[in-house]
Amino acid sequence: MQDFDGAENIQNLQFFGEFGGVNPSISDSSTYTFLSAKTMADTFDGNTDGCYLYSRHSSPSNLYLAAALAQMEGTENANVTASGMGAITSTLLQLCKSGNHIVASRTIYGGTYAFMKNFMPGLQIETDFVNITDLKAVEAAIQPQTKVLFCETVSNPLLEVADLRALSALAKKHGLKLVVDNTFSPLSIAPQMLGTDITIHSLTKFINGSSDAVAGVVCASSDFINELKDVNSGACMLLGPTLDSLRAASILKNMRTLPIRMKKHSENALYLAEQFEKEGLTVKYPGLKSHPQHELFRSMMMGNYGFGGLLALDVKTVEKANELMELMQDENLGYLAVSLGFYKTLFSASGTSTSSEIPADEQVEMGLSPGLIRMSVGLDHDIEQTYQKMRNCLVRVGIL
Ligand code: PLP
């Protein structure tokens, strides 16, 4: 267990509004005046300290949210983006140029996989996908032109856990940047504390927690964040994945309850995973002792936020998965929907939804069964009652 606690850092932040409000004022401007023409020219020359030039670069509301996220991850700085994909694609395009190479985990979010597999080769940037839990395979895939090692702390949807200490040692040995998508494990794990160079989140999920916004963040050194925002060569500045200030303000407010939400998501997911396992069902959850990386997760954990809100239940066939999910939705146990981190449980069959970009043969090779249901367990007040209702559904569709 690590002793860093991102929640404490967020709690210690003090942002006042323009008139002493307890929430910072929302910036409602796309552009900003300068008191002198010289300051404007200096700002475009890169001396942006204390000045706002244009909201695609920075806005006060976006900087407040970025500061809170940097505190949460223990990084020097952060930049918020219009989506998690906006954070991932900007980071990779900043780090990799034509002729470079990426080594990535083969179990990652389908959109990230599709970007590396289908889009990046058009820019002569190739990716090798590896089993991230096999460190020998990871090292063997590194080439002289490799620039980035990419993984998710807890992978989507198989919930494999990456050994971030060992991967960061590998990255340092070979002069690579370790880029980690930490969307599934906010607060529980702070990748920077384990040697990661760049930590990314889709804020759309747990951090915002209300399924009403799409956003992302890159948490890293000030040098890298300034590179991303550089007016001449920065991927965030030039590709324009800019988060709207109103949304940044609402996400910052929602983020304050993240510590209590994460505890509850984890507590509920652990309870369901334990019950499913007792029934003899195939369930993956990092909090179960049977999970191959249970001890590894424990050794990387920070604070007391548990093993996360995601579990994967394998009911073998997509037909059974669909039947079960439709029934659970009818019984108001959650929604048949992609995404995660909502107060209601969300479930989807990953092979035919969020991982459908991964070809069928590769899904089989990585162990992604067509009947795998990914559940983002909600904040149910009475999880024992929820389980009894879920159990009834499992009986009615003939799984139990
Ligand atoms: N990373 C992970 C692990 C995800 O699950 C997702 C979306 O599902 C993303 C990144 C992309 O985030 P966004 O939808 O905010 O672009």
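You'll find the structure just up there.
This one's a predicted model, so the numbers in the text were calculated from it and none came from an experiment. (Residues numbered from 1 in each chain as written. Predicted model: local features only at pLDDT ≥ 70, side-chain atom pairs only at ≥ 80, totals over all residues. Heavy atoms only, no water.)

**Examining the overall build of the protein chain**
Secondary structure assignment for the protein chain yields 15 helices and 12 strands. Seen through its C-alpha atoms, the protein chain measures out along the principal axes to roughly 75 × 55 × 35 Å. Here the protein chain, with 400 residues, has 56% of them falling under the buried criterion. Sequence-distant contacts, at least 24 apart, represent 72% of the contacts inside the protein chain between residues at least 6 apart. Surface accessibility of the protein chain: about 16,700 Å² in total, with carbon and sulfur atoms responsible for 50%. In the protein chain, 30 side chains carry a positive charge and 42 a negative one; their mean positions are 2 Å apart. (Helix = DSSP H or I, 4+ residues; strand = E, 2+ residues; numbered from the N terminus. Buried < 20%, exposed > 50% of the residue type's maximum accessible area, 1.4 Å probe, protein only. Contact = heavy atoms within 4.5 Å. Areas by Shrake-Rupley, 256 points an atom, 1.4 Å probe, with all protein chains shown as cover. Lys, Arg positive; Asp, Glu negative; His and termini not counted. Charge placed at Lys NZ, Arg CZ, Asp CG, Glu CD.)

**Concerning the site of the ligand**
Near the ligand there are 15 residues, and of these M85, D181, S202, T204 and K205 occur at the shortest range. A distance of 2.8 Å is found between an oxygen atom of the ligand and a side-chain nitrogen or oxygen belonging to S202. At 2.6 Å, a side-chain N or O of K205 approaches an oxygen atom of the ligand. Protein coverage of the free-state accessible area of the ligand, which is 390 Å², stands at 91%. With 3 residues, the single largest contributor to the shell around the ligand is helix α4 (residues 84–95). Grouping the constituent residues of the shell around the ligand by class yields 6 nonpolar, 6 polar and 3 charged. (Near = heavy atom within 4 Å. Polar contact = N/O pair within 3.5 Å; in protein donor to acceptor, adjacent residues only side chain to side chain. Nonpolar A, V, L, I, M, F, W, Y, C, P; charged D, E, K, R; others polar.)

**Things to note about the sheet that holds strand β12 (residues 372–376)**
Pairing within the open sheet is mixed, and its 5 strands lie in the order β8-β9-β12-β11-β10. The open sheet is flanked by β8 (282–284) and β10 (335–336), the only strands paired with a single partner. Judged from the 3 bridges that link them, β8 and strand β9 (residues 310–314) form a sheet pairing that is antiparallel. Its bridge partner lying in β9, T282 is registered against D314. (Pairing = 2+ DSSP bridges.)

**Quick notes on the environment of S25**
As for its placement among the helices and strands, S25 is situated in the loop between α1 (6–11) and α2 (37–44). Counting along the chain gives 207 residues from S25 to N232, while the straight-line C-alpha distance between them is 30 Å. In this structure, S25 is in contact with G17, E18, S61 and Y64, ignoring residues within four places of it in sequence.

**Considering the sheet that holds strand β2 (residues 101–105)**
Within the open sheet, the 7 strands sit side by side as β1-β7-β6-β5-β4-β2-β3. Their pairing is mixed. Every other strand in the sheet has two partners, leaving β1 (77–81) and β3 (126–130) as the edge strands with one partner each. On average, adjacent strands in this sheet sit at an angle of 20 degrees to one another, irrespective of strand direction. In this sheet, strand β4 (residues 146–152) lies alongside β2 in parallel orientation, the contact comprising 4 bridges. Within β4, the position partnered with H101 by the bridge is T146. Of the strands in this sheet, β1, β6 (198–202) and β7 (216–220) are in contact with helix α3 (residues 60–73), which crosses β1 at around 125 degrees. Across the sheet, helix α5 (residues 110–119) is in contact with β2, β3 and β4; its angle to β3 comes to roughly 135 degrees. (Axes fitted to C-alpha atoms, helices over the stretch in contact; angles between N-to-C directions.)

**Overview of empty space enclosed by the protein**
One pass over the structure, following the stated rule, counts 2 cavities of 30 Å³ or more. Estimates place the volume of the largest cavity at around 110 Å³. Lining the largest cavity are 15 residues, and of these R56, H57, N79, V80 and T242 lie nearest its centre. Among the elements of the structure, α3, β1 and α9 (235–239) are those that each provide at least two residues to the lining of the largest cavity. (1 Å grid on protein atoms, 1.4 Å probe; cavity = no way out; pocket = protein on both sides within 12 Å on 5 of 7 lines; lining within 4 Å. Points joined across faces, edges and corners; volume = space filled by probe spheres on them.)

**Section: the packing of α3 against helix α10 (residues 245–255)**
The N-to-C vectors of α3 and α10 enclose an angle of 35 degrees; their axes lie 8 Å apart at closest approach. α3 and α10 meet at a crossing whose hand is left-handed. Listed contacts from α10 to S61, N62, Y64, L65, A68, L69 and M72 of α3 are S245, A248, I251, L252 and M255. Per-class residue counts for the contact of α3 with α10 are 9 nonpolar, 3 polar and no charged. (Left-handed = near helix turned anticlockwise from the far one by under 90°.)

**A closer look at the pattern of salt bridges**
Scanning the model with the defined rule gives 9 salt bridges in all. In this structure, the salt-bridge partner of E362 is K117, at a minimum N-O distance of 3.2 Å. Taken together, the residues span a long stretch of sequence, with E362 in helix α14 (residues 360–366) and K117 in helix α5 at a distance of 245 residues. For K117, a relative accessible area of 36% corresponds to the partly exposed category. (Salt bridge = Lys/Arg side-chain N within 4 Å of Asp/Glu carboxyl O.)

**Some points on α3**
Its 14 residues give α3 an end-to-end C-alpha distance of 20 Å, which sits within 8% of 20 Å, the value for a rise of 1.5 Å per residue. Burial runs high along α3: 10 of the 14 residues are buried. Every buried residue of α3 is accounted for by P60, S61, N62, L65, A66, A68, L69, A70, M72 and E73. At the C-terminal side of α3, G74 shows a positive phi close to 70 degrees. (Expected span 1.5 Å × (residues − 1).)

**Let's talk about the environment of L35**
For L35, the position within the fold is in the loop between α1 and α2. Distance in space between the C-alpha atoms of L35 and I200 is 36 Å, their sequence separation being 165 residues.

**Details of the pairing of β3**
Bridging between β2 and β3 involves 5 bridges; their strand directions are parallel. In the strand pairing of β3, H101 is matched with E126. For the segment spanning β2, α5 and β3, crossover handedness is right-handed. (Right-handed = clockwise from strand over helix to strand, strands pointing away.)

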